[in-house]
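Single-letter residue listing:
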Amino acid sequence: MTDTVKINRGLKGVYFERSRISDIDGRAGSLTYRGYSIHDLATQATFEEVCYLLIHGELPDAAQLADFDAALRAARVLPEPVFDIIRATAHGHPMDVLRTAVSALAALEPDSHDASDAGFLRNGIRLTAQVPMIIAAQEAIRNGRTPVLPDMSLSHAANWLWMLKGERPSEDAARLADVDFILHAEHGSNASSFAARVTVGTEANLHGAMVTALSTLAGPAHGGAAEDVMKMVHEIGTPENAAAYVAAKRAAKEPVTGFGHRVYRAEDPRARHMREGVRKLGEEMGAPGWYAILQAVVDAMSPYARHGLNVNVDFYSGVIYQLHEIPMDLYVPIFAIGRMPGWLAQCLEQRRSNILIRPLTLYDGAAPRDWVPLAAR
């Protein structure tokens, strides 16, 4: 049987299901959500509109958007025991704290185990609002501050920056955070979305699926690129050092962080929207040097683009967070804020045509053998 079985390690190239949520063409470098180009969404839509689109399948009209936005704002509430959990774990890694708090919400929210479509939607909207609250609350508590209460007059992205920093963001800064969330909202059957679907396949509730997704995203091979890019930028130090840094990495056959992608062979279509945002935010905050270093790395890596080593979205995200003086260990949790509607859409799709996801492994161990009593071993 071994000779007739094809092993696709990591399930690479294997289609396990049909999906109507997003489409990625890695060779052409294109990404659509429900048929809409990521370029149109990044330049024309709000994160709230994209959430609605991913969850419901169509763009909302004005009344639908207003109702959805109101529900999202109204859900900016955490049970008091969650703050106690955050205080008890305040100095743990933020992804551990976030995962623990979401798991606790499963026991604290009265309808968390409602696995109907309506239940998934209610819990998904609530969690989408609560995740940024948890992250901001931990950042405040571990620094000896009282968590900032949400501002119901602000959009999802602007309120996130308000809760994190305690000051209202500029219009441009809020819009860039909005775009960042849009670009990270959905990306096909990535590791965390697939893991969430595996959990839903067992008929588990949405909170359980989100805990699975968060646990998977926490792995550096999935969610850690933005943090690694920022470490690289600090190591390079100045634009003048970029060429030598890249040359040394290539000579050692080591990857340059922020280049290449498991799916894209052309440039990640999301990257261009982050690139311009970094440039503008750097100028606004009086720190254009970070952008200059990034672009020097891009220039040094240009000869390798023909080999599929193009810049990806995470190459620019970390510098945006750096400009806001956000600690590096919050970069992956911020990724999770943006990915919430994509996870919810994936979980809903799995639930609506559910099947237990149970792939096979090809046994490659010892041949059948006789039992040896303990005394004879």
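In what follows, the structure referred to is the one given above.
Residues numbered from 1 in each chain as written. Predicted model: local features only at pLDDT ≥ 70, side-chain atom pairs only at ≥ 80, totals over all residues. Heavy atoms only, no water.

Colleague: Just give me the short version of the nonpolar core, but keep the residues and values in it.
Modeller: Core analysis: the biggest nonpolar cluster contains 105 residues, and Y33, L98, V102, W160, V297 and F315 have the highest contact counts within it. Here this core gets 12 residues from one element, more than from any other, and that element is helix 17 (residues 331-352). Not counting chain neighbours up to four residues away, the residues in contact with Y33 comprise I21, S22, I38, L41, V50, L53, L54, I182, L183, H184, A185 and E186. (Core = buried A, V, L, I, M, F, W, Y, C linked by side-chain atoms within 4.5 Å. Buried < 20%, exposed > 50% of the residue type's maximum accessible area, 1.4 Å probe, protein only. Helix = DSSP H or I, 4+ residues; strand = E, 2+ residues; numbered from the N terminus. Contact = heavy atoms within 4.5 Å.)

Colleague: Report on the packing of aromatic side chains, specifying residues and quantitative values.
Modeller: Inspection of the entire model under this criterion finds 6 aromatic pairs. Where F259 meets F315, the ring centres are 5.0 Å apart and the plane angle is 65 degrees; that geometry is what we call edge-to-face. Here F315 lies in helix 16 (residues 314-323) and F259 lies in the loop between helix 13 (242-251) and helix 14 (271-284), a separation of 56 residues in the sequence. Looking at F315, the relative accessible area reads 0%, which means it is buried. Three or more aromatic residues link up through ring pairs in this structure, and these residues are F259, F315 and Y316. The residue whose ring lies beneath R250 is Y304, and the NZ or CZ to ring-centre distance is 4.3 Å. (Phe/Tyr/Trp six-rings, centres within 6.5 Å; stacked < 30°, edge-to-face > 60°. Lys NZ or Arg CZ within 6 Å of the ring centre and 35° of its normal.)

Colleague: Any chance you could break down the pattern of salt bridges for me, citing the residues and the numbers?
Modeller: The final tally for this structure, using the stated rule, is 19 salt bridges. Salt-bridge contacts for E80 lead to R87; the nearest nitrogen and oxygen are separated by 3.5 Å. Owing to a relative accessible area of 44%, R87 belongs among the partly exposed residues under this scheme. R99 is paired through a salt bridge with D96; the nearest N and O atoms lie 3.1 Å apart. Here R99 pairs with D96, and both are found in helix 5 (residues 94-108), just 3 residues apart, close to one helical turn. Taken together, the shared-partner salt bridges connect D111, D114, R122 and R126 into one network. (Salt bridge = Lys/Arg side-chain N within 4 Å of Asp/Glu carboxyl O.)

Colleague: Describe in detail the pairing of strand 2 (residues 30-33), supporting the description with residues and values.
Modeller: Where strand 1 (residues 22-25) meets strand 2, 4 bridges bridge the pair, whose relative direction is antiparallel. By the bridge assignment for strand 2, D25 is matched with S30. The turn linking strand 1 back onto strand 2 is made up of 4 residues, and G29 within it adopts a positive phi angle of 70 degrees. In this sheet, strand 3 (residues 36-37) lies alongside strand 2 in antiparallel orientation, the contact comprising 2 bridges. Across the sheet, residue T32 finds its bridge partner in strand 3, namely S37. The turn joining strand 2 and strand 3, which pair antiparallel and follow one another in sequence, is formed by 2 residues; a positive phi near 50 degrees is taken by R34. (Pairing = 2+ DSSP bridges.)

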